[in-house]
Number of protein chains: 2
Amino acid sequence: MATESRGTEGGARPKVTITAIAQEAGVSVPTVSRVVNGRSDVSPETRARVEDLLRVHGYRRRQRVPGDRAALVDLVFNDLDSPWAVEIIRGVEEVAHQDGVGTVVSAIHGRAGSARQWLKNLRARASDGVILVTSVLEPVVHEELRRLNVPIVVVDPAGSPALDAPTVGATNWAGGMAATEHLLSLGHRRIGLIAGPPRLLCSRARLDGHRAALEAAGVPFDPALVVQGDFYHESGFHGCDQLMDAGSPPTAVFASSDQMALGAIEALRRRGLRVPEDVSIVGFDDLPEVRWSAPPLTTVRQPLADMGKLAARTVLRQARGEEIESPRVELATQLVVRSSTAAPAAG
Amino acid sequence: MATESRGTEGGARPKVTITAIAQEAGVSVPTVSRVVNGRSDVSPETRARVEDLLRVHGYRRRQRVPGDRAALVDLVFNDLDSPWAVEIIRGVEEVAHQDGVGTVVSAIHGRAGSARQWLKNLRARASDGVILVTSVLEPVVHEELRRLNVPIVVVDPAGSPALDAPTVGATNWAGGMAATEHLLSLGHRRIGLIAGPPRLLCSRARLDGHRAALEAAGVPFDPALVVQGDFYHESGFHGCDQLMDAGSPPTAVFASSDQMALGAIEALRRRGLRVPEDVSIVGFDDLPEVRWSAPPLTTVRQPLADMGKLAARTVLRQARGEEIESPRVELATQLVVRSSTAAPAAG
């Protein structure tokens, strides 16, 4: 079996762990991991010292050799509950498929039991790499992934990236700025924001971009115009209601996910308010279906499929022991103007 | 390697194919396949004759034995371009994950080259089973799948099921009937239908259900009120325009997919017509996001995730050599009434 033979082909020689190598080299485990994975962000001296120790101890890198290839990548989501997910899957699958590699899709539901089951499955199938599209992994899962020494790429790292792994994201700050600049250019001055979960880096970046656009235009930032959402429809619905119930409601709302934007449109519709005649709405993501919302949504496009493709290319490069271009890549977002935004109503 | 050892563990004994067994037994290849896969729809005499020949020739069933387990199922779509897909993936993944089995997701884009690449990958990874959510596979792909003798389940079989494999679908006819009965009960008499691709069985079943409801209510079926769509948004948009341009436009439209229903709502919005005040719309699928369309969509729920779960359970049973309950299962659809339907406007 491929699984059992990994790392033990040296015969009776005891397995050496990267933890042991790290101790002997006097460097951190992530640093050894970087050397093993061919990453460029290690000093030449450290790399040489670690490489020497790896050689001395007969450490076997995980790599594809004929007969020892799973030809699989694991793509892991917290939940498969969003059209967002299928865009990422599409990108990963396209690159992997061409390379003869299968894309194993899992959801771990933020539950420890489910994550442990996934780790068990991952170990058994000896995947060539892991693409994580999931925000919060428990420390024990990090530890286990490190121990497995499997190449990892994180897509759109949500929290502080605790794993020492390359990440692929989108230019969330620039996207937030573009959304609010668009509304300002139409003449809006009171602009509400339905923000994403504050523990996620992407939410904070979109909020900061929004603020930066306001400040650049000399419009004071009003914290009363910011409400909290969780990226799902329902929170956009309630968040928009909250904004419209305020003493001086906004004439435009930037919802920092498309799903929240659709929820906001529904909240306005129930109040008898028209989009964009009474209130303008901008979303974030550009899910395929928002071209068909009523009205078609002005939004900030995240290149989700392209992010999936880049993540797949990166993890497959690592699996082949090749160097990767950069440990942190952000792909450009782009404002897409449709029919949910207009100049504010006179008066 | 697991792949190479399959079916050759008998040592130097030449491989026997199911085609050879079929010839010798004087039965069809699908019949031998049914016996091999533990299906119940074979006469006891035929089963005994085939089992004897399998034993005589030392035919090795693909089955899980320790050390010879891929612990993978392949889930194959034509395209990963719809929120529809993620619902199916969610169901399959949930069952497979619990069973320690990985779900390998692929898209073959209806292209021969892509299907051949997938077959090559499938062969290499020796999946335990295949779930096809794809309409048209070329005959050569059928042939190759049969040769691989891997358990197959077809979800929502689109055309005439050419593969001899169990299928999982939804009650499309009853769903079509329920949609139109709902509109009739609100008082509509001129009801347009945006049909799905005629080559797909599910489209035809929805159309027939619609017709049956009309006939049961004594409302004559008017072919001028049926337009052709392809299940995607754009065709709903144009189809609805076509219906409204007719001399005597409908007061309600049954779009036989949610995506076409959203396209139809957008066509009406652009004409300045309100849903449901001016025209009622019913969809089909109940994708998660149509709870948040403007207005929230009345639709016929297809239990897509449940269909995925049942498909996964069925293919895993086959992989373990267990009998399956039934070669053809349809899960119930259900009308979900939201805000896109109302009584026709007076006059």
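Owing to the predicted nature of the structure, the values given are computational and were not obtained by experimental measurement. (Residues numbered from 1 in each chain as written. Chains lettered and ligands numbered in written order. Predicted model: local features only at pLDDT ≥ 70, side-chain atom pairs only at ≥ 80, totals over all residues. Heavy atoms only, no water.)

K.L.:
Can you tell me about the interface of chain A and chain B, naming the residues and giving the values?
P.N.:
Across the boundary between the two partners, chain A contributes 44 residues, which contact 43 residues of chain B. With both chains or domains summed, chain A and chain B bury close to 3,600 Å², and 64% of this area falls on carbon and sulfur atoms. Contact with chain B buries area across many residues of chain A, yet L80, H97 and W292 of chain A alone supply 21% of it, more than any other trio. At the surface where chain A touches chain B, the tally comes to eight residue pairs in polar contact (both at pLDDT 80 or more). Of all elements in the fold, only α5 (83-98), β2 (102-107), α6 (112-125), α10 (233-245) and α11 (258-270) of chain A reach the threshold of two or more residues within the side of chain A that touches chain B. Of the residues in the side of chain A that touches chain B, the class split is 19 nonpolar, 16 polar and nine charged. Pairing of β2 of chain A with strand β2 (residues 102-107) of chain B involves three bridges; the strand directions are antiparallel. Residue pairing for β2 of chain B: T103 of chain A is matched across the bridge by V105 of chain B. (Contact = heavy atoms within 4.5 Å. Buried area = accessible area lost by both parts, 1.4 Å probe. Polar contact = N/O pair within 3.5 Å; in protein donor to acceptor, adjacent residues only side chain to side chain. Helix = DSSP H or I, 4+ residues; strand = E, 2+ residues; numbered from the N terminus. Nonpolar A, V, L, I, M, F, W, Y, C, P; charged D, E, K, R; others polar. Pairing = 2+ DSSP bridges.)

K.L.:
Outline α6 of chain A, supporting the account with residue identities and numerical values.
P.N.:
Taking 1.5 Å of rise per residue, 14 residues should cover 20 Å, and α6 of chain A covers 20 Å from first to last C-alpha, within 8% of that figure. Once α6 of chain A finishes, A126 of chain A follows within two positions and takes phi at roughly 50°, a positive value. (Expected span 1.5 Å × (residues − 1).)

K.L.:
Outline the relation of the copies chain A and chain B, supporting the account with residue identities and numerical values.
P.N.:
When chain A is fitted to chain B, the best match, at an RMSD of 0.1 Å, comes from turning it 180° and sliding it 0.0 Å along the axis. These values place the two chain copies in the arrangement generated by a two-fold rotation axis. Minimal C-alpha distance to the rotation axis in chain A is attained by V104 of chain A, lying at 2.1 Å. A shared interface surface links the copies, since 98% of the contact residues of chain A are contact residues in chain B too. (Least-squares fit on C-alpha atoms with pLDDT ≥ 70 in both.)

K.L.:
How would you summarise the sheet that holds β2 of chain B if you had to cite specific residues and measurements?
P.N.:
Read across the open sheet, the twelve strands follow the order β11(A)-β5(A)-β4(A)-β3(A)-β1(A)-β2(A)-β2(B)-β1(B)-β3(B)-β4(B)-β5(B)-β11(B); overall the sheet is mixed. The sheet terminates laterally at β11 (328-331) of chain A together with β11 (328-331) of chain B, the two strands that pair on one side only. On average, each strand axis in the sheet is tilted by 25° relative to the strand beside it, whichever way the strands run. Across two bridges, the pairing between strand β4 (residues 152-155) of chain A and strand β5 (residues 167-170) of chain A is parallel. Within the sheet, the bridge partner assigned to V155 of chain A lies in β5 of chain A and is V168 of chain A. (Axes fitted to C-alpha atoms, helices over the stretch in contact; angles between N-to-C directions.)

K.L.:
Explain the sheet that holds strand β10 (residues 298-301) of chain A residue by residue, including any values.
P.N.:
Where strands meet in a sheet, backbone hydrogen bonds hold them as pairs that are either parallel or antiparallel. Residues and elements named next belong to chain A. In spatial order, the strands read β7-β6-β8-β9-β10-β12; together these six strands make up an open sheet with mixed pairing. A strand with exactly one partner marks an edge of an open sheet, and here the two such strands are β7 (226-228) and β12 (334-336). In this sheet, adjacent strand axes meet at a mean angle of 20° when their direction is disregarded. Bridging between strand β8 (residues 252-255) and strand β9 (residues 280-285) involves three bridges; their strand directions are parallel. Bridged to V253 within β9 is I281. Contacts from α10 reach β6 (191-195), β7 and β8, with the element oriented near 150° to β6. Sheet strands in contact with α11 are β6, β8, β9 and β10, and its direction is about 155° off that of β9.

K.L.:
Mind laying out the pairing of strand β1 (residues 72-77) of chain B, listing which residues take part and the relevant values?
P.N.:
Residue and element names in this part refer to chain B. The element β1 is extensively covered by neighbouring structure, given that six of its six residues are classed as buried. Taking every second residue as pointing to the same face, both faces of β1 are buried, with L72, D74 and V76 on one and V73, L75 and F77 on the other. Here six bridges tie β1 to β2, and the two strands are oriented parallel to one another. Paired with V76 across the two strands is S106, which belongs to β2. In this fold, the crossover linking β1 to β2 by way of helix α5 (residues 83-98) has right-handed handedness. (Buried < 20%, exposed > 50% of the residue type's maximum accessible area, 1.4 Å probe, protein only. Right-handed = clockwise from strand over helix to strand, strands pointing away.)

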